[in-house]
Amino acid sequence: MSGTAVMTDTNSGIMPAEEENYGIHVLPMPIIVDGKTYFEGIDITAEEFYRKQTEGAVITTSQPSPGDVTDMWDRLLETYDEIVFIPMSSGLSNTCQTALLLAEDEPYKRRVSVVDNHRISVTQAISVLDAKAMADKGKTACEIKSILEKEALDATIYIAVDTLEYLKKGGRITPAAAALGTVLKLKPVLTIQGDKLDSYAKARGMKSAFRIMLDALKADIASRFSHLREQGLLKVGIANTLMPADKLEEFKSEMRKNFPDMELVYFPLTMSIGTHVGPGGIGIGAVKGQ
């Protein structure tokens, strides 16, 4: 038996195939396409997912079954003393609450610490990588959980949506609003602050939407995150749903240009978000790192 295993889910943007690279363990999230369940990063790729989506497939999201969660815990506890599990925010999925309940019972009590640090995508990934660094330094799962939850709200995310179609399908906007927005070429800008995905602004075109997100991120960094930037603890992130590589590189270049003094972290947006955002979406944010 040795040390603390760090576990997350694919909502972080880290895929099961990358486990060895990062020294962590990844639970694939289920995606239901036309009634068939797939597991992100296992039997469906991003390209396949967005192809099915644009072809009109009915796509919904789900949380992992309790059995899938505990099966991974059981495997890890064969070789590790304890586990720190960092799922997506409890405000965006029931995965966290289910895991918290499972961890209250034997044989997981006092051996599995479930972190609710209100994050998803790049911000969640940074928490996971920070947890691994802390575990390598000998911190216990309980200590890691306490640190991550204390820093939970030191993060901000903005997402621009290229098409209104999937927000309409998910019931987040009305068909009439979607139709009007499409005619006017409006691109919604959404924000995630802690537990909720909320509307932030509307823009005419993706370039304008990206500028709105940059201005919002700069305002956050200049105000509530200024002390973290001064301490060198703040990182900026970028994430996307399916888009041409050159277009993504343009967005990355803008981020480097606007935040030259901060590390830029990239991970793809999860399929759980992609279900509502669709292809061509872009997200940026800032997050405290260790």
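Check the entry above for the structure.
In every chain, residue numbers begin from 1 and rise along the written sequence. With the structure being a predicted model, the display of local features is reserved for residues of pLDDT at least 70 and the display and counting of side-chain atom pairs for 80 or more, all residues being used for whole-chain, interface and lining totals. Excluding hydrogens and water, the side-chain figures rest on all heavy atoms present in the structure.

### Details of the overall build of the protein chain
Thought 1: Numbered from the N terminus, helices here are DSSP runs of H or I no shorter than four residues, and strands are runs of E no shorter than two. In terms of helices and strands, the protein chain carries 12 helices and 13 strands.
Thought 2: Seen along its three principal axes, the alpha-carbon backbone of the protein chain occupies a region of about 60 × 50 × 30 Å.
Thought 3: In the protein chain, which comprises 290 residues, the proportion classed as buried is 51%.
Thought 4: Contacts are residue-level and defined by heavy atoms, with any inter-residue pair within 4.5 Å sufficient. Of all intrachain contacts in the protein chain linking residues separated by at least 6 positions in sequence, the fraction that spans at least 24 positions is 75%.
Thought 5: Shrake-Rupley sampling with a 1.4 Å probe provides the accessible areas, and residues are treated as covered by the protein chains on show and by no other component. Per element, the accessible surface of the protein chain, about 13,000 Å² overall, is 52% carbon and sulfur.
Thought 6: The charge count treats Lys and Arg as positive and Asp and Glu as negative. His and the chain ends do not count. A charge is said to be at NZ when it belongs to Lys, at CZ for Arg, at CG for Asp and at CD for Glu. Positive and negative side-chain charges in the protein chain, numbering 32 and 39 respectively, have mean positions lying 7 Å apart. Burial classes: relative accessible area under 20% of the type maximum marks a residue as buried, over 50% as exposed, and values in between as partly exposed (1.4 Å probe, protein chains only).

### Examining helix H9 (residues 206-222)
Thought 1: Along its 17 residues, H9 runs 24 Å from first to last C-alpha, staying within 8% of the 24 Å computed at 1.5 Å per residue.
Thought 2: Buried within H9 we find Met206, Ala209, Phe210, Met213, Leu214, Ala216, Leu217, Asp220 and Ile221. With its buried residues spanning 165° around the axis, H9 presents them on a single face. Turned more than 90 degrees away from the buried face of H9 sit Lys207 and Ala222, all of them exposed. Expected span, for any helix, means 1.5 Å times one less than how many residues it has. The arc in question is traced by the directions running from the helix axis to the C-beta atoms.

### Regarding the pattern of salt bridges
Thought 1: Here a salt bridge means any side-chain nitrogen of Lys or Arg lying within 4 Å of a carboxyl oxygen belonging to Asp or Glu. Summed over the entire model, instances satisfying the criterion amount to 12 salt bridges.
Thought 2: Here arginine 256 and glutamate 249 are joined by a salt bridge, their closest N and O atoms 3.1 Å apart.
Thought 3: The exposure class of glutamate 249 is partly exposed, given its relative accessible area of 40%.
Thought 4: Look at the salt bridges and you will find they share partners, linking Arg211, Glu254 and Lys257 into a network.

### Here's the deal with the packing of aromatic side chains
Thought 1: Pairing of aromatic side chains requires ring centres within 6.5 Å, counting the rings of Phe and Tyr and the six-membered ring of Trp. Pairs whose planes differ by under 30 degrees are stacked, by over 60 edge-to-face, and all others tilted. All chains considered together, the criterion is met by 6 aromatic pairs.
Thought 2: The interplanar angle of 85° and the centroid separation of 4.8 Å between the aromatic rings of phenylalanine 49 and tyrosine 50 together place this pair among those described as edge-to-face. Each of the two residues, phenylalanine 49 as well as tyrosine 50, counts as buried.
Thought 3: Measuring from centroid to centroid gives 5.1 Å for tyrosine 158 and tyrosine 200, while their planes differ by 70°, and the two rings are edge-to-face. Residue tyrosine 158 is located in strand S8 (residues 155-160), and its partner tyrosine 200 is located in strand S10 (residues 196-204); the two are separated by 42 residues in the primary sequence.

### Focus on the packing of H9 against helix H11 (residues 245-258)
Thought 1: Angles here are taken between N-to-C directions and fall from 0 to 180 degrees, while the axes themselves are lines fitted to C-alpha atoms, restricted in helices to the stretch in contact. Close contact between H9 and H11 brings their axes to 12 Å; oriented N to C, the two are set at 30°. For the element pair H9 / H11, the angle class is roughly parallel. Handedness of the crossing formed by H9 with H11: right-handed. For the pair H9 and H11, the contacting residues are Phe210, Arg211, Leu214, Leu217 and Lys218 in the first and Phe251, Glu254, Met255 and Asn258 in the second. Any angle that falls under 35 degrees is termed roughly parallel, while one over 145 is termed roughly antiparallel, one within 65 to 115 roughly perpendicular, and all others oblique. In this scheme, a crossing is called left-handed if the near helix is turned counterclockwise away from the far one by less than a right angle; it is called right-handed if the turn is clockwise.

The quantities given are spatial measurements derived from coordinates; they are silent on function.
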